[in-house]
Amino acid sequence: MEFTAQQIAEMLGGFVVGDPQATVNDVSKIEEGRPKTLTFFANPKYEHYVYSTEASIVIVNADFNPSQPVKATMIKVANAYESLAKLLALYQQMQPQKVGIEQPSFISQSATVGKDVYVGAFAYIGEKAKVADNAKIYPQAYIGDGVTIGEGTIIYPGAKIYKGCKIGNRCIIHAGAVIGADGFGFAPNKEGVYQKIEQVGIAVIEDDVEIGANTCIDRSTMGATRVEHGTKIDDLVMIAHNVIVGHDTVIASQSGIAGSTKIGNNCVMGGQVGVAGHIEIADRTTIAAQSGIQGSVRKSGQTLFGSPAFDYMGFTRSFVVFRHLPELKRQIDLLMQERNQK
Amino acid sequence: MEFTAQQIAEMLGGFVVGDPQATVNDVSKIEEGRPKTLTFFANPKYEHYVYSTEASIVIVNADFNPSQPVKATMIKVANAYESLAKLLALYQQMQPQKVGIEQPSFISQSATVGKDVYVGAFAYIGEKAKVADNAKIYPQAYIGDGVTIGEGTIIYPGAKIYKGCKIGNRCIIHAGAVIGADGFGFAPNKEGVYQKIEQVGIAVIEDDVEIGANTCIDRSTMGATRVEHGTKIDDLVMIAHNVIVGHDTVIASQSGIAGSTKIGNNCVMGGQVGVAGHIEIADRTTIAAQSGIQGSVRKSGQTLFGSPAFDYMGFTRSFVVFRHLPELKRQIDLLMQERNQK
Amino acid sequence: MEFTAQQIAEMLGGFVVGDPQATVNDVSKIEEGRPKTLTFFANPKYEHYVYSTEASIVIVNADFNPSQPVKATMIKVANAYESLAKLLALYQQMQPQKVGIEQPSFISQSATVGKDVYVGAFAYIGEKAKVADNAKIYPQAYIGDGVTIGEGTIIYPGAKIYKGCKIGNRCIIHAGAVIGADGFGFAPNKEGVYQKIEQVGIAVIEDDVEIGANTCIDRSTMGATRVEHGTKIDDLVMIAHNVIVGHDTVIASQSGIAGSTKIGNNCVMGGQVGVAGHIEIADRTTIAAQSGIQGSVRKSGQTLFGSPAFDYMGFTRSFVVFRHLPELKRQIDLLMQERNQK
């Protein structure tokens, strides 16, 4: 399917600079732009590619003023990134959608499966589980006994939902994610041998949550581990038992939240962040990658950095001095030597 | 099923403070306590919830003296956490247990499967594999050729055990865990191209070990990677080839042990810890979260912190000064300036 | 099958010191050597085991001069580690190989499957997918629609390849690895609610790449996330969307590369390394374990350390001073006190 720059500009409410009849049938990264593809430019780091790309159409912000000639046709829009998102969503909607029950799959007699659902081969749906309308359960996914899967939710291949857990509407659970495995609870006896604390709670994933590949969200000891609506979690993240993650929070890959901690709303965590157990993180907290949070963060809106973490600017200033510590030490040694010689 | 405070107190050897006829039919977290549920209080951080909880019964330590009125019926016991563990274990035992062979599953003709075993649909049991009595192999689990699974061991959905590995009795292997994948062994040739070192060993998991979801324990180059009895490993942990983890050791989520390292007995590692290869960690070593251990730890019973790690108190004291480095630098600059002006 | 020291020495082009008729039928680690096994010695840390091992044959470097009597028969070779690799490869080739189609498996009618392929039970091969000759698709693996799998490539149990991704020849993808899950792309609207950016690209794994268990390599927003030929990636690694990893690079366990970053050729990363997004790492860069790379590395051949990372020696020198910061602070306090009293 082909589109002209003119057609795309109309879809996006933008205006064309260049040939309105330029046509595209695919999308590309700006640094790999090929003829007949559409690309976009938003991050200033990539400006030089605007002038060299072979892509036929580039979506740009309305306030972009090229400093060199641009060969491609430009479509100027209020927000290039948002416009791209809109186009990609249209592109995705045009892809064929999976529907129907493939064989062999395993659906317990007591399970309930809604309308227009996809159940892939080798998927397992346990006793009294409920899969709502328009949900997609990909091959080899495991939906344990009593699990509920909301409307339009996608469970990708091999994701595992342990018994009793609840997944909301319009969620996306990627391949290999494990929801509801036992929390890590053990009590040592007098001989130092660990006794298991049975984990009889569940995990609850609210609406519009996306969970990345191979991420683990453990079930609660009692009650529920909970990820609130609209939160997005990347691959290989660990959410321990009894944790509450607030709504519209973003957690990047390989971060881990220890048990019973409460993460606020609208927080942002970089990759490989660690958060200690039994603490609270205020709303709108931003945590830089690889940071470690040891204690509660009570004031909202802060940015933290370091392991252990403190305020971003403070850590950065201390780290600048850290790099020059050998020189500082030489100066102190000199001063001490002179003092001691007096 | 309902129980009265009196009945529960008798089970636990505790005594009732309040209404002995208070009844419960479920458990809850203290901060989410609902009527007719039982909860517990052990961590002093949560004391204020004792006074406000809606739970009908709270298990508390015998030495707890409330500073305000408690609405709930209390059951006083020697150790509230242990008593809770005991109750949760009873609760768990009352749950229905999976047993029998679901279809379609794949059991090789040369495999041996014991009595009262559960084999879920889409589980795979390879040639000459042995599954002992009372084991549970959940759906989509993979038991490779020649693998042995001990008595009463649970392999949760989608866990994968590569060929030849041995899993002891009463182990729990959570969903998505991979036991026995190839160790990471490559030798560069003169052109810098890596040649694979075949990994012909196995992985051995001894009795009473629990392994978290999506954790990886690689097979040995030769001989065996080994996790000794009673050790508990959380989700997303990496145990590399040739590693030995001692008995009754606890490793929290996202920690990684590099190749050929020996971890002692009764050690405790926080989350996201890294341990270098080819070293030894003494018994009863405690390693704080996010720490990195570069060299052998020969003295047992130490607590380590930092990346690279040293003794916990030492790191903490250095880190306090780190936070004030910019101020220290200003003082040194001043002293040096005055010195140079003399 | 048994071999004599003489036979093995001929295979390796080495020479025998000791009994040329010593026989072995298995391999062992040097510290666990048993009679009738072959082992090797290359790392000087293990020299004391050469004198105590019960193994019948030890492969050693030609320049090894024992300082004590060696009971085992030695085979001296130019490079003991390479010779071991050669023997292990022979050992591996003698193992029985899986071939044929097990039932039940799911192969779409429009899929193409080559000659001498293994497809395990419960494996899924989607529409228009292509599996080349001699490939092995283990049980419960998922090959999405339109995926291509190259010649001789092994996909271990439960690995998942999302639609459209391309896997080269002679690759090894370990259990639970996920190739092509959605990149982590979201744009917040004015209310702070995240809108998904559809990820319409793919992931491309070139020839001779090995990918560890439960590692995640996300698909690109547009175009392709790419791992170039000969690169080896350990378990639980995260490669985000749009990343390019150069050829013959090695990435140890639990490392993560954020979106759109380009890693050079012949790089080496230790475990738990983090690399920020939208940067470039020059060829032959070495990054120590747990380090965090915040900015581009333009000069090739450097070794980096720390979080944030800088040059290895610089970090090490600063860290030495860090350990003694409390003492430095006392000295500065003293100097300042004396200055202020003047």
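Going along each chain's sequence as written, the residues are numbered from 1 onward. Written order decides the labels, with chains lettered from A and ligands numbered from 1. Local features are withheld for residues below a pLDDT of 70 in this predicted model, meaning they are given only at 70 or higher, and side-chain atom pairs are given and counted only at 80 or more; totals for whole chains, interfaces and linings count all residues. With hydrogens and water excluded, all non-hydrogen atoms of the structure serve as input to the side-chain values.

Q: Sorry if this is basic, but what is going on with the interface of chain A and chain C here?
A: Much of the literature gives interface size as the accessible area that the parts lose upon coming together. Listed per partner, the contact involves 67 residues of chain A and 73 residues of chain C. Summed over both partners, the accessible surface that disappears when two parts come together, traced with a 1.4 Å probe, is what is meant by buried area. Of the roughly 5,400 Å² buried between chain A and chain C, counting both surfaces, carbon and sulfur atoms make up 63%. Looking at the side of chain A facing chain C, the largest losses of area belong to Lys29, Phe122 and Phe322 of chain A, adding up to 10% of the total buried there. Salt bridges, as used here, are contacts in which a Lys or Arg side-chain nitrogen is within 4 Å of a carboxyl oxygen on Asp or Glu. Seen at the junction of chain A and chain C, the total is four salt bridges. Close ionic contact of Glu127 of chain C with Lys98 of chain A constitutes a salt bridge, the shortest N to O distance being 3.8 Å. Two N or O atoms count as a polar contact when they lie within 3.5 Å, although within protein this holds only if one can serve as hydrogen donor and the other as acceptor, and sequence-adjacent residues are included solely when both atoms are side-chain atoms. Along the contact surface separating chain A from chain C lie 27 residue pairs in polar contact (both at pLDDT 80 or more). For the side of chain A that touches chain C, the secondary structure elements donating two or more residues are β5 (37–41), α3 (80–93), β28 (232–233), β31 (250–251), α4 (312–323) and α5 (325–341) of chain A. We call two residues in contact when some of their heavy atoms are within 4.5 Å. In this description a helix means any DSSP run of H or I spanning at least four residues, a strand means any run of E spanning at least two, and both kinds are numbered starting from the N terminus.

Q: Would you explain the interface of chain B and chain A in this entry?
A: Contacts between the two partners involve 67 residues from chain B, matched on the other side by 73 residues from chain A. It is Lys29, Phe122 and Phe322 of chain B that lose the most area in chain B upon contact with chain A, and together they represent 10% of the buried surface on that side. Joining chain B to chain A, the criterion identifies four salt bridges. The closest approach of N and O atoms between Glu210 of chain B and Lys196 of chain A, which form a salt bridge, is 2.9 Å. In this assembly, chain B and chain A are joined by 27 residue pairs in polar contact (both at pLDDT 80 or more).

Q: For this particular structure, what's the right way to read the relation of the copies chain B and chain A?
A: Between the two copies of the chain lies a rotation about an axis combined with a shift along it. A residue counts toward the fit only if its pLDDT is at least 70 in both copies, and the copies are then superposed by least squares on the C-alpha atoms of those residues. For the pair chain B and chain A, the superposition axis carries a translation of 0.0 Å, the fit reaches an RMSD of 0.1 Å, and the rotation angle comes to 120 degrees. Those values place the two copies in the arrangement expected of a three-fold rotation axis.

Q: Before we go on, may I ask you to explain the pairing of strand β39 (residues 303–306) of chain A in this structure?
A: Along any regular strand, the residues point their side chains to alternate faces of the sheet. All names here are of chain A. Where strand β37 (residues 286–287) lies against β39, two bridges are found, and the strand directions are parallel. When the bridges of β39 are listed, Ile287 appears paired with Leu304. When DSSP locates at least two bridges between a pair of strands, those strands are taken to pair. Looking at chain direction, β39 and strand β40 (residues 309–311) are connected through three bridges and run antiparallel. What sits directly across from Gly306, in β40, is Ala309. Taken together, β39 and the strand that follows it, β40, pair antiparallel across an intervening segment of two residues.

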